[in-house]
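Reading the structure
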Amino acid sequence: SAALDKQPPQTGGTPDAVLAFLSLLNRAVVRLHALDAEACAALLPRVFGAATTDYFLPPGKHASDQLAVASANLLSDLIDACVRRPMVEAAVAALPSGGKKKGAKRAPPASPLEEVVVAVEGLLTPRFYRTLHCTLCVVQSLLNRLGSLGLAHPLLDPLCEELAALHPQRGDLQPGAQDELERAIGAMIAAFGAVDICRVLPLYKDMAHPDLAAKNHAWLLPAMRKHLRGGPLTFFSETLLPLADRLQEMAVQADGKGLPIEAKNLMLVHQQVWAALPALCLDTPDAATAFPALARRLGATLQSDPALRAPVCTAMVNLVQGSRRAAAGGEDEDMGDSDKQAHNRTTKEEGAAAVAQLAAFSKNFLPVLFNACAETPHPQQRATLLQAIGEYARVSDQKQLSGFFQNVIKKLLAAAAAGGEGEDAMEDGGTSEEIEEKKALMMELALALMPALDDASAEFLFKVTVPFLVDDSGAVQKRAYKTLQALGIEHTSLMQAKLSEVQEHLVTGLPQLSPAAGKWRVRCVAKLVEHLPFDVAYMRLLGAVLGEVMLGTKSAARKTREVSFAVLVCMAQKVDEGSAGQQLGDFFTMLLAGLAGTTPHMVSATVLALSRLVYEYAERVGVLAPALLQSVMLLFDHKSREIVTSALGFAKVAAVALSPELLRAHLAPMVEKLLLWSGDSRNRFRLKVKVILERLVRRISFEEVMEATPEEHKKFIVAIQKRLKRAKELRNRKKKGLAPEEEGEGEIGEDGKYRIKGGYEQALYGEEDEEEEGAEEDDEMEDFPAPAGRGAGK
């Protein structure tokens, strides 16, 4: 109280004094709350009144946005620290019974927290619009706090109405305020929930006769889809579903009257109502009682309305996942802490009852979903349907599921037989394209069911899938590899028992591999490598697939390259951990064998793979592969520019990853080989050489690099050193106080190992993109001719 009595005036005190006062006030109130929560609650209205009155008003002599931001932070911190459940419950109990009637004068606040709410409501009035981007942050804090306690309604009803009144004016607000308004509306919806938000802000004045032209709150529907984290399913079936039906009926009538635009607008809102269903199904306490009444309508919608299949399938996925999670007593990892507190409403018993009800309808829903998949021509449009099938299969009775799975496999084998019996069979079963599409569809359905299958069915699926690895259709091959990948994750013990058979089929299937299936073959190998245990058979599997994994590092597809590099690292880590480090050298030896490849592409891929593992195991390279650097340095004499490009990439990685001691041991031959290409500007070779030499100068020393450099190239190294000095001086001017040893592209990690900032990608590709090829040579470099290396003068 004394601090508030002597606070520096906003228009008279200096900004620094005001900021210091706000910081002091923050600490003092938080400390008071720890000592006496009741005294703190009584003081909070005065603090909020002072902050809102003195520091959010339009600018005075020393006022600025800085003061508004500091005030907003103060109030947000106090809400988080001091507003606790007893205080909120007391405020709710003190509210007048029946609430405030529309048009009636508001009664004086009956509790300290209500006074705080009134003060925050005042921040949304026009006088505070200049600092709305700050005041809305305070509104969000209050909504999040009371929402996390489940007590936003009815205490925050007036605040909710004030916030909704800003929505029509959002186009006139500053961009920062617009973003904060959207966040505040999202916090409001999450805090109130679907039932209370629609009670305070009805979507339409008359829900039985919605009028798009009249004032309404239908704009809440897209926000509800985004921000709701569950709710009662009965609210959808009793409130939203009748509204959606009425909107669809009105749209049909408008279209019949020749009003296409009105019909289109009505159908848009109709779809927005359905789009809110998935958010309601994230956490549904009444699923066990409400779902049976809604199930028939959901099934009919899946069959008759393709436009609504996506929201219905997503809702079913959320409902199954939420019910299974509640039945297991778990939490949703994707939810934040406040969401978990406010919206884990479904108890373990309710979740178990919901799972039982969902399982009872599996015999109805799975055939409907299968038929919907068959009617959907494009694979991308089937994704949500397949996800719904997979999730529903997890709660289905195993006997019923086995029956569905057997029917799918029968149709798959029948399609395969029709495709392999010639033109006569095709006439009965359709064209070759139709047969291939049917095989692909049946494999997708089998893959969707696979995680829920028992071991016997999973083994049968493996036997059925293997022949399709060499199918003539790339789409079928792709799905076969996806199935093997998924089996390696969901049925690891089965794939371990079949490892020798998998290895054989991977090897024999390589010559007939379709380009469309290449990515999924690498991913299949990735999952097998990741999930299978290390043993002798595992090493044989590595030998069988290592070549194509190395070639994958040169793939034109970025994701395939990323997966291939990840597989290499995973292989090395598995071998290292499984053999306690004893066989990692053997793995490097297997890689080095690729240097004897018969094509430049294979040799180049081997060098690239080696560079990735050199980066990963830099501190052990000298022991694991002592001849590695010498072997790669020999490749600089090769005629293939593809191989030389990879060798330069390897040198770039080695220059930042290997220890200075190991670099010194190979410095002279490395510098000699690099300078062979210092005069060749094609493929940016000269720039690559310069970058590598710069890294060597930084990692070792200028003097040692100069000593290892032939006399005719020393001016080149001097020019590089001058450039490094200028760059260092420029950095020092831009970043004052930064110690010289902390500058540069590398850093020492917590484990004491030197690592380049940005990881392997930066080590391999970094710095070249920072300079234009034309700016490669500094003024000093123009004073003498290019070094006489390989390719000079070209």
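Let us look at the structure shown here.

Analysis parameters
Residues numbered from 1 in each chain as written. Predicted model: local features only at pLDDT ≥ 70, side-chain atom pairs only at ≥ 80, totals over all residues. Heavy atoms only, no water. Helix = DSSP H or I, 4+ residues; strand = E, 2+ residues; numbered from the N terminus. Buried < 20%, exposed > 50% of the residue type's maximum accessible area, 1.4 Å probe, protein only. Contact = heavy atoms within 4.5 Å. Areas by Shrake-Rupley, 256 points an atom, 1.4 Å probe, with all protein chains shown as cover. Phe/Tyr/Trp six-rings, centres within 6.5 Å; stacked < 30°, edge-to-face > 60°. Lys NZ or Arg CZ within 6 Å of the ring centre and 35° of its normal. Axes fitted to C-alpha atoms, helices over the stretch in contact; angles between N-to-C directions. Left-handed = near helix turned anticlockwise from the far one by under 90°. Nonpolar A, V, L, I, M, F, W, Y, C, P; charged D, E, K, R; others polar. Expected span 1.5 Å × (residues − 1). Polar contact = N/O pair within 3.5 Å; in protein donor to acceptor, adjacent residues only side chain to side chain. Salt bridge = Lys/Arg side-chain N within 4 Å of Asp/Glu carboxyl O.

On to the overall build of the protein chain. Secondary structure assignment for the protein chain yields 40 helices and 2 strands. Burial analysis of the protein chain (794 residues in total) assigns 51% to the buried set. Taking as baseline every contact in the protein chain between residues at least 6 positions apart, the subset at least 24 positions apart corresponds to 74%. When the accessible surface of the protein chain is split by element, carbon and sulfur atoms take 52% of a total near 36,500 Å².

By convention here, two paired aromatic rings are described through the distance between centres and the angle between planes. Taken as a whole and judged by the stated rule, the model has 8 aromatic pairs. Plain terms: the ring middles of Phe236 and Trp274 are 5.3 Å apart, the flat faces sit at 65° to each other, and that makes the pair edge-to-face. Here Phe236 is found in helix H11 (residues 233-256), whereas its partner Trp274 is found in helix H12 (residues 260-275), with 38 residues between them in sequence. When sorted by exposure, Phe236 lands in the same class as Trp274, which is buried. Grouping aromatic residues by their ring pairs yields a cluster made of Phe291, Phe361, Phe365 and Tyr392. Taking NZ or CZ as reference, Arg523 lies 4.7 Å from the ring centre of Trp520, over its face.

Here we come to the packing of helix H15 (residues 309-327) against helix H18 (residues 362-375). At a minimum axis distance of 13 Å, the contact between H15 and H18 shows a crossing angle of 145°. Once H15 is placed against H18, the crossing between them reads as left-handed. Note on element contacts: H18 touches H15 through Phe365, Leu369, Ala372 and Glu375, opposite Arg309, Cys313 and Met316. The class makeup of the residues in the contact of H15 with H18 is 5 nonpolar, no polar and 2 charged.

Moving on: helix H34 (residues 641-657). Taking 1.5 Å of rise per residue, the 17 residues of H34 would be expected to cover 24 Å, and the 24 Å separating its terminal C-alpha atoms lies within 8% of that figure. Here H34 starts with a cap whose side-chain oxygen sits 3.4 Å from the backbone nitrogen of Glu642, and that cap is Ser640.

On to the pattern of salt bridges. With the rule as written, the count across this model stands at 20 salt bridges. The partner of Glu616 in a salt bridge is Arg612, and the shortest N-O contact between them spans 3.1 Å. Taken together, the positions of Glu616 and Arg612, both in helix H31 (residues 600-616) and 4 residues apart, correspond to about one turn of that helix. Here Glu616 falls in the partly exposed class, since its relative accessible area comes to 23%. Taking the shortest distance from any N to any O, the salt bridge between Lys673 and Asp637 comes out at 2.6 Å. Of this pair, Lys673 sits in helix H36 (residues 667-675) while Asp637 sits in the loop between helix H33 (628-634) and H34, placing them 36 residues apart in sequence. Exposure remark for Lys673: the relative accessible area of 17% places this residue in the buried category. Within the structure, one salt-bridge network assembled from shared partners comprises Arg382, Glu444 and Arg479.

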